[in-house]
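This is what each chain is made of:
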Amino acid sequence: MLNRNAEALFWIGRYMERAENHARLIDVHYHLHHSNDLTGEEHKWERLINALGAQAEYSKQMDRYTELDVLSFIILDRGYENSLFSCISKARSNLKTMREMLPSEMWEMLNSFYLSLGEKQPGDLQLETPNLFFRHIKERVDSFQGLQHSVMLREGEWHFIESGRMLERAENTVRILKSVVMAISEDHAFPYPYLLAVLKSVSGYQAFRKYYADSVSIAPILEFMMTHATFPRSVYFAFSQLEEHLRGIRQSGQLSSADQERAIRHAGKIKAELGCLAREDFHLDQLELLIDFLTESCLTIGKLMSDTFFRIEEASAS
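Here the structure is a predicted model, which is why all the values come from computation and not from measurement.

(A) Quick peek at the packing of helix α13 (residues 235-251) against helix α15 (residues 284-309). Close contact between α13 and α15 brings their axes to 13 Å; oriented N to C, the two are set at 10°. Between α13 and α15, the angle is such that the two are roughly parallel. Here Val235, Phe239, Leu242, Leu246 and Ile249 of α13 come into contact with α15, specifically with Leu294, Cys298, Ile301, Met305 and Phe309. Split into classes, the residues belonging to the contact of α13 with α15 amount to 10 nonpolar, no polar and no charged.

Quick look at the structure:
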């Protein structure tokens, strides 16, 4: 497989996962803001921009943090590279270059999704019920991923897409946790709405209750979302799957031995360090260092994979 094809596949996985995670985060923040009047209106929307790491890009276009401006920017803005529309557009562009190598059903579904999202206007975001809009986004991404799981051969192409998806999932779960920890730090007296929001943002409330019953507090939630071995959106699970797909790339004969082992060892090291964490490591006063470590780990392995799998001079997907 050419390196540019591997890169395109990797970014298809990343962009589709990013679109779903952004839809989840925006949906939860939207409803949390409308049910909680503890802080000023603009501060609530500014917090959502901060959670997405988009402060610099937003400030170039907007002077205030209003509901319509923020939602328009993070959902439909063509200039913001991580808006929902931009993520779907980039995934589509990468998939278009791979149409001869991937099942045609994947292109048809993603192209349809792109066209329907492209018809939306900023005013539509307030005419529709936000919950239904974000549910629609999540369902379309889930349908694409379900189709991918159903029709793709478990060969190198599959493992590159899944590697991108799992790395993106780990990074976004860490970002969600960081935004909620920041919110709790600012509002010590009312942590429960934020803790509930973080579980709902990853569809993990029922799974969490199965293991922790009614213990909705900071340490159990962070332990669950960072280290749980069977919860599909935990950071540990994401790195465990990433390591597995890197081994799948090796088995498909895509890399030299030294490159294979370097990437696999790094993913396994992060997974092992997460597996060594104990409940006492999740107290609020220790979380900043832990989240910074995980954020840096995601960035490091992303760069490592880029250096290992893709020729930089041919990079166009990222």
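Now that the structure has been shown, we can carry on.
(B) Representation of unusual backbone geometry within the structure. Phi at Ser203 takes a positive value of approximately 50°, unusual for a residue other than glycine. For Ser203, the position within the fold is in the loop between α10 (192-201) and α11 (205-212). When its relative accessible area of 52% is taken as the criterion, Ser203 is described as exposed.

(C) Quick look at the packing of aromatic side chains. For the structure shown, the criterion picks out 11 aromatic pairs. Ring centres of Trp11 and Tyr15 lie 5.1 Å apart, and the angle between their planes is 40°; this geometry places the pair in the tilted category. Linking Trp11 with Tyr15, this pair stays in helix α1 (residues 3-35), spanning four residues, or about one helical turn. Across this residue pair, the class does not change: Trp11 and Tyr15 are buried. Between Tyr212 and Phe224 the ring centres are 6.1 Å apart and the planes differ by 85°, which places this aromatic pair in the edge-to-face class. Note that Tyr212 is positioned in helix α11 and Phe224 in helix α12 (residues 218-227), a separation of 12 residues in sequence. For the pair shown, Tyr212 and Phe224 are each scored as buried.

(D) Representation of the environment of Glu139 within the structure. Here Glu139 lies in helix α8 (residues 130-151). Since its relative accessible area comes to 46%, Glu139 is described here as partly exposed. With 119 residues separating them in the primary sequence, Glu139 and Glu20 have C-alpha atoms 8.8 Å apart.

(E) Molecular detail of α15. Under the 1.5 Å per step criterion, the end-to-end length of α15 is 38 Å for 26 residues, consistent within 8% with the ideal 38 Å. What α15 keeps buried is the set Leu287, Leu290, Ile291, Leu294, Ser297, Cys298, Ile301, Gly302, Leu304, Met305, Thr308 and Phe309.

(F) Highlighting empty space enclosed by the protein. Scanning the model with the defined rule gives four cavities of 30 Å³ or more in all. When its volume is computed, the second largest cavity comes out at roughly 60 Å³. Residue lining of the second largest cavity: Leu177, Val180, Val181, Ile184, Leu195, Val198, Ile218, Ile221 and Leu222, and that is the complete set. Counting only elements with at least two residues in the lining of the second largest cavity, the list comes to α9 (156-186), α10 and α12. When residues of the lining of the second largest cavity are assigned to their parent elements, the largest contribution, four residues, is made by α9. Looking at the lining of the second largest cavity residue by residue, the class counts come to nine nonpolar, no polar and no charged.

(G) Structural view of the confidence of the model for the chain. When pLDDT is averaged along the chain, the result is 84, and 88% of the positions lie at 70 or above. Within the chain, the element-level pLDDT minimum falls on helix α7 (residues 124-127), averaging 72, and the maximum on helix α5 (residues 84-96), averaging 96. Long-range and interchain partners of residues 312-318, a stretch whose pLDDT sits below 50, account for 13 contacts in this model, where long-range means more than four residues apart.

Procedures and definitions
- Residues numbered from 1 in each chain as written.
- Predicted model: local features only at pLDDT ≥ 70, side-chain atom pairs only at ≥ 80, totals over all residues.
- Heavy atoms only, no water.
- Axes fitted to C-alpha atoms, helices over the stretch in contact; angles between N-to-C directions.
- Helix = DSSP H or I, 4+ residues; strand = E, 2+ residues; numbered from the N terminus.
- Parallel < 35°, antiparallel > 145°, perpendicular 65-115°, else oblique.
- Contact = heavy atoms within 4.5 Å.
- Nonpolar A, V, L, I, M, F, W, Y, C, P; charged D, E, K, R; others polar.
- Buried < 20%, exposed > 50% of the residue type's maximum accessible area, 1.4 Å probe, protein only.
- Phe/Tyr/Trp six-rings, centres within 6.5 Å; stacked < 30°, edge-to-face > 60°.
- Expected span 1.5 Å × (residues − 1).
- 1 Å grid on protein atoms, 1.4 Å probe; cavity = no way out; pocket = protein on both sides within 12 Å on 5 of 7 lines; lining within 4 Å.
- Points joined across faces, edges and corners; volume = space filled by probe spheres on them.
- pLDDT = per-residue confidence, 0-100.

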